[in-house]
Amino acid sequence: SAIGIDVIFAEADKADPAGDLLLASAIGSAGNVVLPVHFEDIGGLRVERGPLPLFAAAVAGLGHVRLIPDVDGRLRRFSLMEAERPSLPAAMLALTGYGLPETTEVLLPLSRGVDRVRSISARDILRGGMPRDLAGDLVLVGITAAGMAPRMRWPNEAEISAAEAQAA
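Notes on the structure follow. Since the structure is predicted, the reported quantities are computational estimates derived from the model, not experimental observations.

Calculation criteria
Residues numbered from 1 in each chain as written. Predicted model: local features only at pLDDT ≥ 70, side-chain atom pairs only at ≥ 80, totals over all residues. Heavy atoms only, no water. Helix = DSSP H or I, 4+ residues; strand = E, 2+ residues; numbered from the N terminus. Rg over C-alpha atoms; globule rule 2.2 N^0.38 Å. Buried < 20%, exposed > 50% of the residue type's maximum accessible area, 1.4 Å probe, protein only. Patch = residues over 30% accessible without salt bridge, like charges linked within 9 Å, V, L, I, M, F, W, Y side chains within 5 Å. Areas by Shrake-Rupley, 256 points an atom, 1.4 Å probe, with all protein chains shown as cover. Salt bridge = Lys/Arg side-chain N within 4 Å of Asp/Glu carboxyl O. Polar contact = N/O pair within 3.5 Å; in protein donor to acceptor, adjacent residues only side chain to side chain. Contact = heavy atoms within 4.5 Å. Phe/Tyr/Trp six-rings, centres within 6.5 Å; stacked < 30°, edge-to-face > 60°.

**Details of the overall build of the protein chain**
Assigned secondary structure in the protein chain consists of five helices and 11 strands. Taking 15 Å as the expected radius of gyration for a compact globule of 168 residues, we find that the protein chain reaches 16 Å, a close match to that expectation. Taken over the C-alpha atoms alone, the protein chain extends approximately 45 × 45 × 35 Å along its principal axes. Within the span of the protein chain, comprising 168 residues, buried residues form 33% of the whole.

See the structure below:
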């Protein structure tokens, strides 16, 4: 029902500009894709960084991907709103007709969040195609491989990728 892609397409592919156009066209045709934005503090100002205008114009929504660990480095809470922008998962839910909760922050479960999330590798998708039983589900595409993806510590000390934290 909604697809979130946890990749900020901030730069054009100079080697394949036609590929960018094709991706933007596919995103627009799908009609249910949400892309991320992130915020940077520059000279005391909060600046939103997001996808290229080509992609921003094609998406059904934008959502922030800011994860803020507690002082001990563990991720225990999740901000549903950042500078009046919903989180990526909240923007995905809104796209499916769910309203945002009245609160701006939620506590994360103590158990490892990815245990509650179905994970399918890109290799499996490329070899066998998209599973048909995903129809109507929220799908979050992101990098989870250790060494390639930003990692967070869950409250129980387990390591989790930033994309898995968004999905949990």
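On we go from here.
**A word on unusual backbone geometry**
The backbone of Ala 83 sits at a positive phi, close to 50°, despite the residue not being glycine. As for its placement among the helices and strands, Ala 83 is situated in the loop between strand S6 (81-82) and strand S7 (85-86).

**Describing a nonpolar patch on the surface**
On the surface, Leu 93, Tyr 98 and Leu 138 cluster together to form a nonpolar patch covering roughly 300 Å² of accessible area. Tracing the chain through its elements places Tyr 98 in the loop between helix H3 (88-95) and strand S8 (105-107). Using a relative accessible area of 55% as the deciding quantity, one classes Tyr 98 as exposed.

**A closer look at the side chain of Glu 82**
Examined against the element boundaries, Glu 82 turns out to sit in strand S6. In this structure the side chain of Glu 82 is engaged in a polar contact, spanning 3.0 Å, whose partner is the side chain of Arg 46. The contact partners of Glu 82, leaving out residues within four places of it in the chain, are Phe 39, Arg 46, His 64 and Arg 66.

**Overview of the side chain of Ser 87**
The residue Ser 87 is located in the loop between S7 and H3 in this model. Ignoring anything within four residues of it in the chain, the contact list for Ser 87 reads Gly 63, His 64, Phe 78, Ser 79 and Leu 80.

**A few points about the packing of aromatic side chains**
In this structure the tally under the stated criterion is one aromatic pair. With 5.2 Å between their ring centres and 45° between their planes, Phe 9 and Phe 55 make a pair best called tilted. Within this pair, whereas Phe 9 is found in the loop between strand S1 (2-5) and helix H1 (17-30), its partner Phe 55 is found in helix H2 (residues 53-56), the two being separated by 46 residues in sequence. The class of Phe 9 is partly exposed, set by a relative accessible area of 21%.

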